[in-house]
Amino acid sequence: MTEQISFLKRASLTRHPLSQRLFKLMEDKKTNLALAADISTQREVLQLAEVIGPHICLFKTHVDILSDFTPDFGIELRKIANRHNFLIFEDRKFADIGQTVSLQYSGGIYRISDWADIVNAHIVPGPGIIDGLKVIGEPKGQGLLLLAEMSSAGTVAKGSYTRKAVEFAEQYPEYVMGFISLKKISDNPGFIHMTPGVKLRPGKDSLGQRYRTVDQIIGKNYSDIAIVGRDITHSENPLGQAVLYRERAWNAYTSSRKI
Ligand code: 5BU
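The following refers to the structure shown.

Once that is clear, we can look at the overall build of the protein. Helix and strand counts for the protein come out as ten helices and ten strands. Against the globule reference of 18 Å for 259 residues, the protein gives a C-alpha radius of gyration of 17 Å, in line with a compact fold. The principal-axis extent of the C-alpha atoms belonging to the protein is close to 45 × 40 × 40 Å. Looking at the protein as a whole, 56% of its 259 residues are labelled buried. Once local pairs closer than 6 in sequence are excluded, the contacts in the protein between residues at least 24 apart make up 71%. Surface exposure of the protein reaches about 11,300 Å², of which carbon and sulfur atoms provide 53%. Taking the average location of the 33 positive side-chain charges in the protein and that of its 28 negative ones, the two points are 5 Å from each other.

As a packed pair, helix α3 (residues 42–52) and helix α4 (residues 72–84) sit with axes 9 Å apart at the nearest point and diverge in direction by 10°. The angle between α3 and α4 falls in the class roughly parallel. The segment α3 lies against α4, with Q42, V45, L46, A49 and E50 engaging D72, F73, E76, L77, I80, R83 and H84. Split by residue class, the contact of α3 with α4 holds six nonpolar, two polar and four charged.

Let's shift gears to the environment of R111. Position of R111 among the secondary structure elements: in the loop between α5 (98–106) and β4 (118–121). You can call R111 partly exposed: its relative accessible area is 42%. Counting along the chain gives 79 residues from R111 to N32, while the straight-line C-alpha distance between them is 27 Å. Among residues more than four places away in sequence, those in contact with R111 are Y105 and S106.

Side-chain alternation along strand β2 (residues 58–61) places L58 and K60 on one buried face and F59 and T61 on a second face that is also buried. Both strand β1 (residues 33–36) and β2 contribute to a ladder of three bridges, which runs parallel. Counterpart to L35 in the pairing with β2 is F59. Following the chain from β1 across α3 to the adjacent parallel β2, one finds a crossover that is right-handed. Here β2 runs beside strand β3 (residues 87–94); their pairing, made up of four bridges, is parallel. Counted as the bridge partner of F59 is I88 from β3. Handedness of the crossover joining β2 and β3 through α4: right-handed.

Conventions used here
Residues numbered from 1 in each chain as written. Predicted model: local features only at pLDDT ≥ 70, side-chain atom pairs only at ≥ 80, totals over all residues. Heavy atoms only, no water. Helix = DSSP H or I, 4+ residues; strand = E, 2+ residues; numbered from the N terminus. Rg over C-alpha atoms; globule rule 2.2 N^0.38 Å. Buried < 20%, exposed > 50% of the residue type's maximum accessible area, 1.4 Å probe, protein only. Contact = heavy atoms within 4.5 Å. Areas by Shrake-Rupley, 256 points an atom, 1.4 Å probe, with all protein chains shown as cover. Lys, Arg positive; Asp, Glu negative; His and termini not counted. Charge placed at Lys NZ, Arg CZ, Asp CG, Glu CD. Axes fitted to C-alpha atoms, helices over the stretch in contact; angles between N-to-C directions. Parallel < 35°, antiparallel > 145°, perpendicular 65-115°, else oblique. Nonpolar A, V, L, I, M, F, W, Y, C, P; charged D, E, K, R; others polar. Pairing = 2+ DSSP bridges. Right-handed = clockwise from strand over helix to strand, strands pointing away.

Written out as structure tokens, the structure reads:
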């Protein structure tokens, strides 16, 4: 097992400007918590960002869930992100050829590249998908995460597929920031690992989601960022729950990194 390195040190070990910013803001704010805001109205999503913003490093959206989307959504969310110093991650999971994803990323109704700092992609199409997104995102200083593993039961993203994602990422260190994965899968300290499927207790939902705890994914598996959705958004006290998750995720990080 290689040594576990602090976020601050890792900021100097990546050439990716947005990864540097994310590592530094995590250390500055002392949070490695990301919120998954799977809510269907703009007002509620923006309200969540405003309230939980001071406690997170990253706000994850599914913009196509919104029933009342207008272009103001991206503008308003950006303002809140700038005020509370967090990044915006649109969990779009692109999966097509390079030419098509470049259009999906920059155009359509959502114009994701106008407001999201980070997007993600499946590697099924091959590295052309990275080239297609990079054309749009790199000039804007944005970043990409590759889906190397998924939290859902029966996922086929494992073994040689996961290793392929690492191989692809290594070819694009100036654009790929890291991975969605259940554990640390690369020893390159510049890559960031983010893990969804997190709850206070292990378990599952009725549609294949599987949950692990913060201690499992950050403390034992050396992932970096815990992505939490319903266990915060659907709790009686989302702010209190976010504060609790923030403490747990940060403690799991500080007690498992050495230098
Ligand atoms: P939850 O409410 O904490 O279960 O939400 C998890 C979020 O993370 C949700 O937005 C999913 O789309 C997202 N997710 C996931 O759950 N598992 C994965 O492997 C990936 C994304 Br990739």
